[in-house]
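Architecture at a glance
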Amino acid sequence: MKALLITGTLAEATVKQYAKQSQTPTEILTLNVQVAAFLNPQIISQALKKHNLKDIDILLTPGQILGDTKTITDATKIPSFKGPRYAADLPVVLDCLGDVTLSTFVPADDLLRQKLEAKALAELEKVEQNREELLKKSGNLVIGGLAFGKGFPMRVLAEIVDAPLLDTAEIVRLAKRYVASGAHIIDVGMVAGQTRPQDAKRAVVAVKAAVNVPVSIDTLNPVEIEAAVAAGVDLVLSADAGNMEAIAQFAKDVAIVIIPTNQRRGLFPKKPAARVKMLERLIKQAKQLGFKKIIGDLILEPTNILDSYVAFQEFNRRNPDVPLLIGIANVVELFDADSVGLNALLARLASEVSADILLTTEKTPKARGCVREVSAAAKMMFLAKKRDSVPRDLGLDLLILKEKVEREMPLDLGKTKIAVAKKQKKKQVVIDPCGVFRVMVDRESKKLVALHYNSSESKELTCAIRGLDAEAVMAEVLRLGLVSRLEHAAYLGGELAKAEVALRVGRDYVQDADLFEK
């Protein structure tokens, strides 16, 4: 199959460069238009009348052109489709010709992205549909209706940190947000060093009523554990040498996570081998006490990450039928680096040591969005392991601010004279007669909000515009005629773009103080 690629003069060299990376034979037709996006099906159809199309099997136009390429098909009698927006995606698109049906109006990169994502989600759904068969595997468990273990993707446990310090409405809000972000289990985190059984009961009852997922309690305090069990908790984090006998009286029918410590005596083995042996000993004791659903946690230390994973790996080698929980939040919350890459890498390591549950938190601002990130990472690592591949080109990704391929057009000014723009002195503030804006982010609905006031002194809101992205909000602002000065439109557009990035990556958004007065 030979493809004819249509482009403009500016992108010609780039298109040729990337076309060579594909095994599909290609021919490139450069039309006398600088920017390929300015082409349309009518212009292309007219130009093709003078071109020899004898050996061409398929025509690909630039992905960003307006219109339906069916017009070109009708004119040339050769199947014509929209190619990718960016030349960097040409190799993937060209190598997929014959395997996928391209569109006459949707850019090929969007179409392939959708297809890859749909394939990935279908693989994940098939696993859940095969639940009963997978549960026959030794060691796999069901807790509160949730199946997990070997053959399932890692499940995400999201902790509501210091739940007793929050009112019930906030606990419910966080539980719902975490589940919407991909959490499979909601964990009620108690306050270390305190005994608050009534708060444990209040939080567990509230979460169970708010979301339809298993609920766990995160405490070593037997009194709090007993209150949580009475309230119907599904999982206890954690049992150790110091509290196991005490909680066995009322918690042996509940699933437990066992950690290799004795908190009462301050005992925690640092060496991987000693940690593994202690956990094995405690699991044996737990079984003798009547506990049936047992999960192990070797504890991921933020100051000893490598040895911690070695302990998990060795324990799994010796005890492949014991499910494992890894608290990756231990590292992320105490690491001054963006959480996206950390969560992806820690999830990959967790997958390699056969972890079944990943614990994450969103306690600090820098950890905002971790539940969504860990949920995506867990799915990615499952697909990578299932396909025996690296976690790349899976249909799902955690690329937030960067791209896999270079999409920038190369800057080549040649001998063109360049005018250097000098910094302008700050002009006197001029109020837009149409009013002023306050830009905010609504993290619950994942939308941008532009609040309009008649003047900078006014406290009365005249209009609130919501949108999924800066472009949508700005389009509505212009449609309503709420900005009349070009410089104010530029400022507002810039702030909306900043807010959109902040919303996507979970970063705080702080509005330019001058915008409200421009």
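This report concerns the structure included in the present document.

Quick notes on the rules
Residues numbered from 1 in each chain as written. Predicted model: local features only at pLDDT ≥ 70, side-chain atom pairs only at ≥ 80, totals over all residues. Heavy atoms only, no water. Helix = DSSP H or I, 4+ residues; strand = E, 2+ residues; numbered from the N terminus. Buried < 20%, exposed > 50% of the residue type's maximum accessible area, 1.4 Å probe, protein only. Contact = heavy atoms within 4.5 Å. Areas by Shrake-Rupley, 256 points an atom, 1.4 Å probe, with all protein chains shown as cover. Lys, Arg positive; Asp, Glu negative; His and termini not counted. Charge placed at Lys NZ, Arg CZ, Asp CG, Glu CD. 1 Å grid on protein atoms, 1.4 Å probe; cavity = no way out; pocket = protein on both sides within 12 Å on 5 of 7 lines; lining within 4 Å. Points joined across faces, edges and corners; volume = space filled by probe spheres on them. Nonpolar A, V, L, I, M, F, W, Y, C, P; charged D, E, K, R; others polar. Phe/Tyr/Trp six-rings, centres within 6.5 Å; stacked < 30°, edge-to-face > 60°. Arc of directions from axis to C-beta. Polar contact = N/O pair within 3.5 Å; in protein donor to acceptor, adjacent residues only side chain to side chain. Pairing = 2+ DSSP bridges. Axes fitted to C-alpha atoms, helices over the stretch in contact; angles between N-to-C directions. Expected span 1.5 Å × (residues − 1). Core = buried A, V, L, I, M, F, W, Y, C linked by side-chain atoms within 4.5 Å.

**Here's the deal with the overall build of the chain**
The number of helices and strands found in the chain is 17 helices and 17 strands. Dimensions of the chain along its principal axes, counting C-alpha atoms only, are 85 × 65 × 40 Å. In the chain, which comprises 518 residues, the share counted as buried stands at 48%. For the chain, the share of sequence-separated contacts (at least 6 apart) that also reach a separation of at least 24 residues comes to 60%. Accessible area for the chain stands at about 26,900 Å²; split by element, carbon and sulfur atoms hold 53% of it. When the 72 positive and 65 negative side-chain charges of the chain are each reduced to one mean point, those points stand 2 Å apart.

**Details of the layout of surface pockets**
By volume, the largest pocket amounts to about 1,900 Å³. Around the largest pocket, the lining comprises 48 residues; the ones closest to its centre are R113, D397, L399, I400 and R504. Looking at the lining of the largest pocket, the elements with two or more residues in it are α4 (90-96), α5 (108-129), α7 (168-180), α15 (370-387) and α17 (486-505). A per-class count over the lining of the largest pocket returns 20 nonpolar, five polar and 23 charged.

**Focus on the packing of aromatic side chains**
Enumeration according to the criterion identifies one aromatic pair in this entry. When the centroid spacing of 6.4 Å and the interplanar angle of 50° are considered together, the rings of Y309 and F312 count as tilted. On the criterion of helical spacing, the pair formed by Y309 and F312 is a turn pair, its members being three residues apart in helix α12 (residues 305-318). Judged by relative accessible area, Y309 falls into the buried class, the value being 6%. On the accessibility criterion, F312 (0% relative accessible area) is buried.

**As for helix α2 (residues 41-48)**
Within α2 the residues assigned to the buried category are P41, I44, S45 and L48. Viewed along the axis of α2, the buried residues span an arc of 100°, placing them on a single side of the element. Where α2 is buried, its residues touch β1 (3-7), β2 (26-30), β3 (58-61) and α3 (70-76). The N-terminus of α2 is capped by N40, whose side-chain oxygen sits 3.0 Å from the backbone nitrogen of Q42.

**Section: the sheet that holds strand β15 (residues 436-442)**
The sheet built from three strands is open, its strands ordered β15-β16-β17 with antiparallel pairing. The two strands at the open ends of the sheet, each matched to only one other strand, are β15 and β17 (461-467). Neighbour-to-neighbour, the strand axes of the sheet open up by a mean angle of 20°, direction not taken into account. As defined by bridge partners, β15 adjoins strand β16 (residues 447-453) across seven bridges and the pair is classed as antiparallel.

**Thoughts on α17**
Its 20 residues place the ends of α17 29 Å apart at the C-alpha level, agreeing with the 28 Å of an ideal helix rising 1.5 Å per residue. Regarding α17, the residues found buried are H488, A489, L492, E495, L496, A499, A502, L503 and V505. Contact partners of the buried residues in α17: β15, β16 and α16 (470-480).

**So, the side chain of T361**
By the secondary structure assignment, T361 is in strand β14 (residues 357-361). Assessed through its relative accessible area of 7%, T361 is described here as buried. Those residues within four positions of T361 in sequence are excluded, and the remaining contacts are E159, V161, A329, E333, A367 and C370.

**Observations concerning the sheet that holds strand β13 (residues 325-327)**
Judged by pairing direction, the sheet is parallel, and its eight strands sit side by side in the order β12-β11-β10-β9-β8-β7-β14-β13 without closing on themselves. The two strands at the open ends of the sheet, each matched to only one other strand, are β12 (294-296) and β13. On average, adjacent strands in this sheet sit at an angle of 25° to one another, irrespective of strand direction. In the sheet, strand β10 (residues 235-239) pairs with strand β11 (residues 255-258) via four bridges, with the strands oriented parallel. Paired with L235 across the strands is A255, a residue of β11. Strands β11 and β12 of the sheet are contacted by helix α11 (residues 272-288), whose axis makes an angle of about 155° with β11.

**What to know about the nonpolar core**
Core analysis: the largest hydrophobic core is formed by 88 residues, its most contacted members being I186, I258 and I326. By residue number, the principal contributor to this core is α15, which donates 11 residues. Each residue touching I326, except ones within four places of it in the same chain, is listed here: L300, Y309, F312, A350, V353, A355, I357, L358 and L359.

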